[in-house]
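# Notes for the structure review
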Amino acid sequence: MTYSRIIGTGGYLPEKILTNAELEKLVDTSDQWIFERTGIRSRHLAAEDQDTCDLAEEAARRALAAAQCDAHQLDLIIVATTTPDRVFPSTACLLQARLGNHGAMAFDVQAVCSGFLYALSIADKFIKTGTVRRALIVGAEIFSRLVDWTDRSTCVLFGDGAGAVVVEASAEQGILSSHLHADGAYKDLLTVPARVTQGRLNGDGFTKMQGNEVFKFAVRALSRVVDEALTANQLDQSAIDWLVPHQANIRIIAATAKKLKLPMEKVIVTVSGHGNTSAASVPLALDVAVRDGRIQRGQMLLLEAVGGGFTWGAVLVKF
Ligand code: UT7
C-alpha cells in the first residue's frame, strides 16, 4: 500500500502586524470584544507590493528545505487560494515559475478556508494511484484585500499568510483518509459576490458574512466530520495526539475539541496571532507546531476546516 507522507512543512507571515488596539482606531470595536468573541489579538498583513505568490513562495521554500527536496523533484504543485494574483494563470503556475520547476502538474484549488484540505486530499489521490511521487501543497492568502476596512463585523477577523507541505509516496503510513464535503445551498452566507466582466469588477468585491449563521453551521459540520474521520478508521478520540483546526474563531475550535473530548493542550491554536488566514490557516498552524517541537513523527493528527461554499472537511494523518 502506498501512502502520502508529509516530509516537510513551511510557513510565512508578512512582517506587518495589525493589533486589535490599532483596529479600535479604524472601526467601532474593542480589543475586549474581538478577543472574547474570536480569540484574536493581532493578525499579519501583506505589504502593498507583496502578492499571494510572494507569500506562497516563502512558505514553499521553507517546506522544500525542511523536506530536503529540490523543486525539480516535484511532480505536482497545488496552491489553495481564494485570493489568486491573476484571474489566470493559476497562482500555482506563477509559483512553479518562481521555483524553477518545469513540467510538473500545477493548478489552484478554490475551496476558501477548506482549500488546503481539498488540495492535500487531491495530492494524496495522485500519489496513491502512482501518478505523482512528490507534491507541494500550499495554502496562501492575502485575505485582507477582500475585506472592507470600514465593516467591523468582518475586518477584525482576517489576516494574511501562507503555509506549505511537501508530501511524498511512502510505504510508511501517512495520510490515512480524507473526508470532504460541500453544500452550495449556503452560497450567500459567506461570499465575495463580484465578478470580472468586460475588464471591470462587476458587483461588490468585499467579503459579506452572516457570522452567526456561519458560526452555527461550522460547529455542527465540524463535529460531524471529525466523527466521520474517526469512524472510517475505526479509531476513537483517544487515538488523536493533536487536533490541527482551521483558525477562524477560538469558540468554534473549543467546541470541536469538546466534541472530541480533547483537552485544549492537545489543540494547536494560532488564531490569537494569525487571525483567520483562510486556506493558509491549517498548514500555518501545522508548521508552527512542527517547528516548536510539539508535533512529533509518528503522532496522529486530525486536520479540519470549514469555509465559504460552504465547504468543510477533515484529514487524518499519521505524521
Ligand atoms: O473561515 C470561515 C468560517 N468563518 C467563521 O467561522 C466565522 C464564524 N462566525 C464568527 O466567528 C462569529 O459569528 C463572529 C465573531 C463573526 C461574530 O460573533 P457573534 O458572537 O456571532 O456576534 P454577532 O454577529 O451575533 O454580533 C453581536 C454584536 C452585534 O451587536 P448587537 O446587534 O447585539 O447590538 C454586532 O453588531 O456584536 C456587534 N459586533 C461588534 N462589536 C464590536 C459585531 N462585530 C463587532 C466588532 N466589535 N468588531
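Residues numbered from 1 in each chain as written. Predicted model: local features only at pLDDT ≥ 70, side-chain atom pairs only at ≥ 80, totals over all residues. Heavy atoms only, no water.

## Quick notes on the site of the ligand
In the vicinity of the ligand lie 24 residues, with Thr29, Arg37, Asn212, Asn249 and Asn276 positioned nearest. Between an oxygen atom of the ligand and a side-chain N or O atom of Arg37, the distance comes to 2.8 Å. Here Asn276 contributes a side-chain N or O atom positioned 2.6 Å from an oxygen atom of the ligand. Elements with a minimum of two residues in the shell around the ligand: α2 (31–38), α6 (152–155), α7 (211–232), α8 (250–259) and β14 (300–307). A per-element tally of the shell around the ligand places α7 first, with four residues. By residue class, the composition of the shell around the ligand is 11 nonpolar, nine polar and four charged. Here the shell around the ligand spans two domains, since at least three of its residues come from each of domain 1 (3–172) and domain 2 (176–318). (Near = heavy atom within 4 Å. Polar contact = N/O pair within 3.5 Å; in protein donor to acceptor, adjacent residues only side chain to side chain. Helix = DSSP H or I, 4+ residues; strand = E, 2+ residues; numbered from the N terminus. Nonpolar A, V, L, I, M, F, W, Y, C, P; charged D, E, K, R; others polar. Domains from an automatic or database assignment.)

## A look at the nonpolar core
Core analysis: the largest hydrophobic core is formed by 40 residues, its most contacted members being Ile240, Leu243, Leu260, Leu302, Phe310 and Trp312. Taken together, the elements giving at least two residues each to this core come down to α7, α8, β14 and β15 (311–318). Among the domains, domain 1 (3–172) and domain 2 (176–318) are the pair contributing at least three residues each to this core. Apart from residues lying up to four places away in sequence, Leu260 is in contact with Val226, Leu230, Gln237, Leu243 and Leu302. Ranked by size, the runner-up nonpolar core spans 35 residues in total, among them Ala111, Ile268, Leu301 and Val317. (Core = buried A, V, L, I, M, F, W, Y, C linked by side-chain atoms within 4.5 Å. Buried < 20%, exposed > 50% of the residue type's maximum accessible area, 1.4 Å probe, protein only. Contact = heavy atoms within 4.5 Å.)

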